[in-house]
Amino acid sequence: VEAGAILPLVALLSHTMPSVQTPALRAVGNIAAGTAAQAAALIAGGALGPLQRLLSTGKKELRKEAAWMLSNLTAGDREQVAAVCAAGVVPKLLDMAAHEEYEIKKEVVYALCNACCFGS
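Residues numbered from 1 in each chain as written. Predicted model: local features only at pLDDT ≥ 70, side-chain atom pairs only at ≥ 80, totals over all residues. Heavy atoms only, no water.

Caption draft 1: Looking closely at the side chain of Ser 71. By the secondary structure assignment, Ser 71 is in helix α5 (residues 60-73). A relative accessible area of 5% means that Ser 71 is categorised as buried. For Ser 71, the contacting residues outside a window of four places in its chain are Glu 107, Tyr 110, Ala 111 and Asn 114. (Helix = DSSP H or I, 4+ residues; strand = E, 2+ residues; numbered from the N terminus. Buried < 20%, exposed > 50% of the residue type's maximum accessible area, 1.4 Å probe, protein only. Contact = heavy atoms within 4.5 Å.)

Caption draft 2: Region of interest: the packing of helix α7 (residues 90-99) against helix α8 (residues 102-118). The contact between α7 and α8 brings their axes to 9 Å, and the two run at 140 degrees. Of the possible angle classes, the one that applies to α7 and α8 is oblique. The crossing of α7 and α8 is left-handed. Across the interface between the two elements, Val 90, Leu 93, Leu 94, Met 96, Ala 97, Ala 98 and His 99 of α7 pack against Ile 104, Lys 105, Val 108, Val 109, Ala 111 and Leu 112 of α8. For the contact of α7 with α8, the residue count by class is eleven nonpolar, one polar and one charged. (Axes fitted to C-alpha atoms, helices over the stretch in contact; angles between N-to-C directions. Parallel < 35°, antiparallel > 145°, perpendicular 65-115°, else oblique. Left-handed = near helix turned anticlockwise from the far one by under 90°. Nonpolar A, V, L, I, M, F, W, Y, C, P; charged D, E, K, R; others polar.)

Caption draft 3: Expanded view of the side chain of Gln 80. Looking at the element boundaries, Gln 80 is found in helix α6 (residues 78-86). Gln 80 gets classed as buried once you look at its relative accessible area, which sits at 3%. Beyond its immediate stretch of four places on either side in the chain, Gln 80 contacts Ala 36, Ala 39, Ala 40, Ile 43 and Leu 73.

Caption draft 4: Representation of the pattern of salt bridges within the structure. This model, assessed by the stated rule, comprises five salt bridges. Arg 26 serves as the salt-bridge partner of Glu 65, at 3.6 Å between the closest nitrogen and oxygen. With a gap of 39 residues between them, Glu 65 in helix α5 and Arg 26 in helix α2 (residues 18-32) connect regions that are remote in the sequence. Judged by relative accessible area, which is 12%, Glu 65 ranks as buried. Judged by relative accessible area, Arg 26 falls into the partly exposed class, the value being 39%. Lys 60 is the salt-bridge partner of Glu 101, the closest N and O atoms lying 3.1 Å from each other. Taken together, the residues span a long stretch of sequence, with Glu 101 in the loop between α7 and α8 and Lys 60 in helix α5 at a distance of 41 residues. Assessed through its relative accessible area of 41%, Glu 101 is described here as partly exposed. (Salt bridge = Lys/Arg side-chain N within 4 Å of Asp/Glu carboxyl O.)

Right, dumping it as C-alpha cells:
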C-alpha cells in the first residue's frame, strides 16, 4: 500500500485481457486479506467497480477470485461491509449463490456470510 501499488493494480482489473486481470486480481485479493487499512485503501482506490464487473465475466477463475476478494472485504469492519453493499454487489452475489458452480458458490457464500456477520 505504501508503495503506491493500489491504483495501478485496480486499473489492471479493468484490462481487456484475462491474462492481465488474473494476476492483478490475485494481488489485490492478497491485499484485501491483509489489514483493515489495506482493505480500506482498495475500496478507496475504486476496486469495487471492477470487482462487480468481474463477477459477470465469462471466465470462471476470474469470477471465483472476485468473489474471494469480496469475501475478504466483507470480513472487515462495518465501513468496509457497508461500502461493498453500497456498491450494489449483493444482488449479483445472491444470484451467483443460486446458479454458479460449487467452487464459486463457496466463495460467494463466504462473502455473504461475512457481510451478515460483520456488517451492521
